[in-house]
Every structure is written in structure tokens, then in C-alpha cells.
Amino acid sequence: MTSPAPVRIEIGEAGTRSVALLGTGLIEKAADHLESESGRFFLVFSEGAGPAALQVGAALAGRVAADIAVEDTEGAKSLAGAAMICDAALSAGLRRDDALVAVGGGVVTDMAGFAAAILLRGVAWNAIPTTTAAMADAAIGGKTGVNHPRGKNLIGAFHPPRRILIDPGAARGLSDRDWRAGLVEAFKTVWVTDADASARARVRISGLLERDESALLPLLIDSVAAKAQIVSSDPREGDRRRLLNFGHTLGHAFEAASGPGALRHGEAVAWGIAAALWLSRRRAGLTRDAETQALETLAALGPFP
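Everything numeric here is computed off the predicted structure, so don't read it as measured data. (Residues numbered from 1 in each chain as written. Predicted model: local features only at pLDDT ≥ 70, side-chain atom pairs only at ≥ 80, totals over all residues. Heavy atoms only, no water.)

1. With respect to the nonpolar core
In step 1: The biggest cluster of nonpolar side chains holds 84 residues, and the ones touching the most others in it are L34, V56, L100 and V103.
In step 2: With nine residues, helix α9 (residues 213-233) is the single largest residue contributor to this core.
In step 3: Among all residues touching V103, those that are not within four sequence positions of it are L43, V44, F45, S46, A49, A52, A53, V56, V108, I128 and T130. (Core = buried A, V, L, I, M, F, W, Y, C linked by side-chain atoms within 4.5 Å. Buried < 20%, exposed > 50% of the residue type's maximum accessible area, 1.4 Å probe, protein only. Helix = DSSP H or I, 4+ residues; strand = E, 2+ residues; numbered from the N terminus. Contact = heavy atoms within 4.5 Å.)

2. A short note on the environment of A201
In step 1: Its location among the elements puts A201 in helix α7 (residues 195-203).
In step 2: Measuring from C-alpha to C-alpha, the distance between A201 and T297 comes to 9.7 Å, with 96 residues separating the pair along the chain.
In step 3: Setting aside anything within four residues of it in sequence, one finds A201 in contact with F187, L208 and L219.

3. Describing the pattern of salt bridges
In step 1: All told, the structure shown has 23 salt bridges when counted by the stated rule.
In step 2: R211 is paired through a salt bridge with D176; the nearest N and O atoms lie 4.0 Å apart. Of this pair, R211 sits in the loop between α8 (205-209) and α9 while D176 sits in helix α6 (residues 176-193), and the two are 35 residues apart along the sequence.
In step 3: For D176, a relative accessible area of 36% puts it in the partly exposed group.
In step 4: Through salt bridges with shared partners, a single network forms among R40, R95, D97 and D98. (Salt bridge = Lys/Arg side-chain N within 4 Å of Asp/Glu carboxyl O.)

4. Notes on the packing of α6 against helix α12 (residues 288-301)
In step 1: Packing of α6 against α12 leaves a shortest axis separation of 10 Å and a crossing angle of 160°. By the angle between their directions, the pair α6 and α12 is classed as roughly antiparallel. Crossing of α6 over α12 shows right-handed handedness. Residues R180, L183, V184, F187 and W191 of α6 form the contact with α12, whose participating residues are A294, T297, L298, A300 and L301. (Axes fitted to C-alpha atoms, helices over the stretch in contact; angles between N-to-C directions. Parallel < 35°, antiparallel > 145°, perpendicular 65-115°, else oblique. Left-handed = near helix turned anticlockwise from the far one by under 90°.)

5. A look at helix α4 (residues 106-118)
In step 1: Between its terminal C-alpha atoms α4 stretches 18 Å, which fits the 18 Å expected from 13 residues at 1.5 Å a residue.
In step 2: Judged by how many residues are buried, α4 sits mostly within the fold: twelve of 13 residues are covered.
In step 3: Considered for burial, the residues of α4 that qualify are G106, V107, V108, T109, D110, M111, A112, G113, F114, A115, A116 and A117.
In step 4: Phi turns positive one or two residues past the end of α4, at L120, with a value near 50°. (Expected span 1.5 Å × (residues − 1).)

6. Details of a nonpolar patch on the surface
In step 1: A surface patch of nonpolar side chains, amounting to about 450 Å² of accessible area, comprises L250, F254, W271, W278 and L279.
In step 2: Ranked by residue count, the leading element in the nonpolar patch is helix α11 (residues 265-283), at three residues.
In step 3: Residue position: L250 is located in helix α10 (residues 248-258). (Patch = residues over 30% accessible without salt bridge, like charges linked within 9 Å, V, L, I, M, F, W, Y side chains within 5 Å. Areas by Shrake-Rupley, 256 points an atom, 1.4 Å probe, with all protein chains shown as cover.)

7. What about the environment of P168?
In step 1: Position of P168 relative to the elements: it lies in the loop between β9 (163-166) and α6.
In step 2: For the pair formed by P168 and A270, sequence separation is 102 residues and the distance between their alpha carbons is 22 Å.

8. Looking at the pairing of strand β4 (residues 64-70)
In step 1: Here strand β3 (residues 41-46) pairs with β4 via six bridges, running parallel. If you follow S46 over to β4, its bridge partner there is V70.
In step 2: Taking the sense of rotation as the criterion, the β-α-β connection linking β3, helix α2 (residues 50-60) and β4 turns out right-handed. (Pairing = 2+ DSSP bridges. Right-handed = clockwise from strand over helix to strand, strands pointing away.)

9. Details of the pairing of strand β6 (residues 124-129)
In step 1: Of all six residues in β6, six are buried; the element is thus mostly enclosed.
In step 2: Every second residue of β6 is oriented toward a common face, with A124, N126 and I128 on one face and W125, A127 and P129 on the other, all of them buried.
In step 3: The pairing of strand β5 (residues 99-104) with β6 spans six bridges and is parallel. Its bridge partner being in β6, A99 is matched across the sheet by A124.
In step 4: For the handedness criterion, the β-α-β arrangement of β5, α4 and β6 is classed as right-handed.
In step 5: As judged from the two bridges shared by β6 and β9, these two strands associate in the parallel manner. Its bridge partner lying in β9, N126 is registered against R163.

10. Observations concerning α12
For an α-helix the count is 3.6 residues per turn, leaving residues at separations of three or four pointing the same way.
In step 1: A rise of 1.5 Å per residue sets the reference length of α12, with its 14 residues, at 20 Å; its end C-alpha atoms lie 20 Å apart and thus fit the reference within 8%.
In step 2: Considered for burial, the residues of α12 that qualify are E291, A294, T297, L298 and L301. Along the axis of α12, the buried positions cluster into a sector of 130°, meaning they face one direction only. Residues of α12 that are exposed and angled more than 90 degrees away from the buried face: R288, D289 and E296.
In step 3: Its buried side turned inward, α12 meets α6, α7, α8 and α11. (Arc of directions from axis to C-beta.)

Right under this line is the structure:
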């Protein structure tokens, strides 16, 4: 059976525009969708994304100039990690008309995108997220970077990928904890942007918990479309894009205070959302029904408030 045509969502402004393609079977057809002026690619991937990376490598048959393995952990998301990608790419003969392809979670897409931003003063890159968090959020919007001892994502650049391939099948190997934590980012985006999409997402909760890809894909389409609209109107986070930080102010604090690896990013954001809802009801007039509805969704997604 032929897979339906992927959904195409454009993100950003002319000259810095990304195109996100969402659909089943996209990874097997990566060669039809990824962009490189020279036709050569430098594949950056994590061990956890191995199956997807192998599929991408097979799809690009003979066009991969180098395979660059990185750790998909917050501890590895550093200047040293980005430098390792740069060293490997330059040693393999990277040219300005080549392109990187990042296959993995948010750490991989953030680091590879940052490396692409600084290599030869900027080369093209493509993203193939393999976690629900990266599909819904991290790979979308052009923010790239690494962590610093003083805080998360303090060193980086706005450098959007040319193409983002979002194939729900790439997330099959995720642990249940990572699957659910990543969904928090998708719900966060529809909560702050689109009441109809939020209602559709609530209806799909049972399918999402059963890891039904036919439930995941519509949620991702709604979430990416909503984020694309915000990012396109505010590409450098000067104003409206701050909406997407819902739950992140305290979430980042919880993540840092809990220690390395204790909380998934989505879990920390869930607790941050709960705190923001509490403050909003008491200080800004948020209704109890709205607060309860969001908290019930978080409770269904995992061990959250």
C-alpha cells in the first residue's frame, strides 16, 4: 500500500525558511527530500537513533561523506561536543556546498545545527528527529546550541535546517518514559495557540498512550503547524515566540536542580506547566476548569502533577 503524501509545513521567512515534511515512510525516501547543493551529506547521529541512521544511510547510498556518532545526553551537549562534530566534518573534507543531516533527539539536532552554523561560517543542514520531543519541538524553529556550566542553551545561533523529516515510525524504539515526556511539548504548543487542536489532542490521549502512530501523526501536524506560525512571525524570539516557553522558566530550574538525567526535559516542563497554571489561576484569572483540564492531561501522560 502506498503511503499518503506527506504534509508540508513551511517555517520562517524567505531566505531562512525551513520545510517540515510529516508522514509515514519518509525516512526510507530521505534521498528524495533532504537538501544539499553538492549532493553530499555528513551524517550526525546518536547510538539510540541507530536504526533510523542506518535507514538514512541506505537511502542516501554512496552520498554520505562521513558518519559522525555523538552522545544524545545533556552532558554531551557542549562546546566540546560541537567541536568534535566540526573536527570530524572538516577532517572528512567538508565543503561549503555540502550539508549535515542530524538523526536523533533534541540534543543531536541542537548540536549538529550549531556545528552547521559555525562550520565554514555556515553550511546547510537537515533534521530527522527520532524522539517525540524532538519531533514536536526541538527540531522545529531554527534555534541551535549547546549548554554551558552557567546554564542550558546559553551558547548557540539561529540557523534553521533546510528540511525536517518527521516520520512517527522513527520513535518506535523510545522507552515509554521518553515517549510520554516528549508528548508534553506537543500538548504545550497546542494549549497556548489553538483551542481546536487542543480538543483534538485530548480525544487522542488513549491512542497516544498506546503508542498508536495514527494518533501521534495528527498531534504532531497540529503542534508543528502551530509552532511554525509563531516562529514565522517572530523568528528570533523577540516577542510572541515567548509563548512557546510556557512551563520552561521553572521547568529548566527543576531540570537543573534535580541533577543530570534525573528528569527528562518534558517531565521538567510538565512540572513547570503545573506551577505556571497555579500562578495563572491565582494571579491572572485562569479558570479552575482550564487548570484542571490541563493537569488531568499531564496526569494521563505520565507521573506528572
